[in-house]
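Here is what each chain is made of, one letter per residue.
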Amino acid sequence: QVSAAERDQLRQSLDRRAREFADDFDRELGRAHQLFRMDAAFSSAAPDRLAQRLEEWHSASRFAGLIKTAYFVAPVNGGVTLWQFMPETRTFESVEWPASLAPARDRLINAPPHTVPAMPGLPTGQNIITLTMSPVMPDIPALLIAQAQPGRGHIVLELDREFISASVLPTLAEVHFPETGTDRYRVSVVDAQ
């Protein structure tokens, strides 16, 4: 009975720590999502706002290296144009889609409309369903952040996988799974594949 009670206590501790670990990581992604959500007037012709947000991110984030590259995606004639932000010149440059961002391009081209009627025949405005997709694309990894007005464009933040595995995850593991105390755990970062 004592052994079973200890196992239950360890399992509860592990579950709590794992939730806190995940919440801490999600909070960082959520901060990036909030900070880089641009209003409807934002475009590749006005990069200063993105430059200011990047400076704010680098000065305030505890994991500033999380963001590898920032892009702006604008819909054009049924396709999407990619603009890469160049921090040195604080400008956008039109670039070809890198292979690593092909899943993001495909998702943006094939995305359903943001709002659709729930039932045909009812008055407009009373019968709308808003569709959203997760902004996180873990396979790239990247965040896709829609502008405030649907259909305008997206900020794409390509995340630095090496920084995440070498810095973010070990730091969070030290916080949530310390190697002291009675319920110590050994944590390893592994590739899901």
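Residues numbered from 1 in each chain as written. Predicted model: local features only at pLDDT ≥ 70, side-chain atom pairs only at ≥ 80, totals over all residues. Heavy atoms only, no water.

S.K.: Is there a simple way to think about the overall build of the chain in this case?
M.R.: What the chain contains, in helices and strands, is 4 helices and 8 strands. From first element to last, N terminus to C terminus, the chain shows the α and β order α-α-β-β-β-α-β-β-β-β-β-α. Among the 193 residues that make up the chain, the fraction classed as buried is 33%. Across the chain, the fraction of contacts at a sequence separation of at least 24, relative to all contacts at a separation of at least 6, is 56%. When the accessible surface of the chain is totalled, it reaches about 12,100 Å², and 52% of it is carbon and sulfur. (Helix = DSSP H or I, 4+ residues; strand = E, 2+ residues; numbered from the N terminus. Buried < 20%, exposed > 50% of the residue type's maximum accessible area, 1.4 Å probe, protein only. Contact = heavy atoms within 4.5 Å. Areas by Shrake-Rupley, 256 points an atom, 1.4 Å probe, with all protein chains shown as cover.)

S.K.: Can you walk me through the packing of aromatic side chains in this structure?
M.R.: Here a ring pair, both rings aromatic, is described through the centre-centre distance and the interplanar angle of the planes. Following the criterion strictly, the structure yields 6 aromatic pairs and no others. Between Phe72 and Phe92, the ring centres sit 6.2 Å apart and the planes meet at 50°, which makes this aromatic pair tilted. In this pair, Phe72 sits in strand S1 (residues 67–76) while Phe92 sits in strand S3 (residues 91–95), placing the two residues 20 residues apart along the sequence. Judged by relative accessible area, Phe72 falls into the buried class, the value being 3%. Given a relative accessible area of 9%, Phe92 falls into the buried group. Through a chain of ring-to-ring contacts, the aromatic side chains of Phe42, Phe72, Phe85 and Phe92 assemble into a single cluster. (Phe/Tyr/Trp six-rings, centres within 6.5 Å; stacked < 30°, edge-to-face > 60°.)

S.K.: What is the right way to look at the environment of Phe63 in this model?
M.R.: With respect to the helices and strands, the residue Phe63 is situated in the loop between helix H2 (48–60) and S1. Sequence separation between Phe63 and Ile164 is 101 residues, and the spatial gap between their C-alpha atoms is 8.8 Å. Non-local contacts of Phe63, meaning those with residues more than four positions away in its chain, are made with Glu28, Trp57, Phe163, Ser167, Val168, Thr171 and Leu172.

S.K.: Looking at this structure, I do not really get the sheet that holds S3. What am I missing?
M.R.: Across a sheet, paired strands are connected by hydrogen bonds in the backbone, their directions being either parallel or antiparallel. Here we have 6 strands laid out as an open sheet, ordered S3-S2-S1-S8-S7-S6, and antiparallel in their pairing. The open sheet has two free edges, formed respectively by S3 and strand S6 (136–137), since each of these has just one partner strand. In the sheet, strand S7 (residues 142–146) pairs with strand S8 (residues 154–159) via 5 bridges, with the strands oriented antiparallel. Of the residues in S8, the one forming a bridge with Ile145 is Ile155. (Pairing = 2+ DSSP bridges.)

S.K.: What am I meant to see in the environment of Arg62 here?
M.R.: In this structure, Arg62 sits in the loop between H2 and S1. Classification of Arg62 as partly exposed rests on a relative accessible area of 46%. Considered as a pair, Arg62 and Glu28 are 34 residues apart in the sequence and their alpha carbons are 8.7 Å apart. Discounting chain neighbours no more than four positions away, the residues touching Arg62 are Asp24, Glu28 and Leu172. A polar side-chain atom of Arg62 sits 2.9 Å from a polar atom in the side chain of Asp24. (Polar contact = N/O pair within 3.5 Å; in protein donor to acceptor, adjacent residues only side chain to side chain.)

S.K.: Help me understand the pairing of S8 in this model?
M.R.: In regular strands, side chains alternate between the two faces of the sheet. With 6 of its 6 residues buried, S8 lies for the most part within the structure. Residues His154, Val156 and Glu158 point to one face of S8 and Ile155, Leu157 and Leu159 to the other, with burial holding for every one of them. Looking at chain direction, S1 and S8 are connected through 6 bridges and run antiparallel. Bridge assignment links Ala70 to a residue of S8, and that residue is Leu157.

S.K.: How should I be thinking about unusual backbone geometry in this particular structure?
M.R.: Leaving glycine aside, a negative phi is the common case for residues, and trans is the common case for peptide bonds. The omega angle of the peptide bond from Ile140 to Pro141 is -15°, so this bond is cis rather than trans. With respect to the helices and strands, Pro141 occurs in the loop between S6 and S7. A positive phi angle, close to 55°, is found at Arg90, a residue other than glycine. As for its placement among the helices and strands, Arg90 is situated in the loop between strand S2 (79–86) and S3.

These figures come from the coordinates and say nothing about function on their own.
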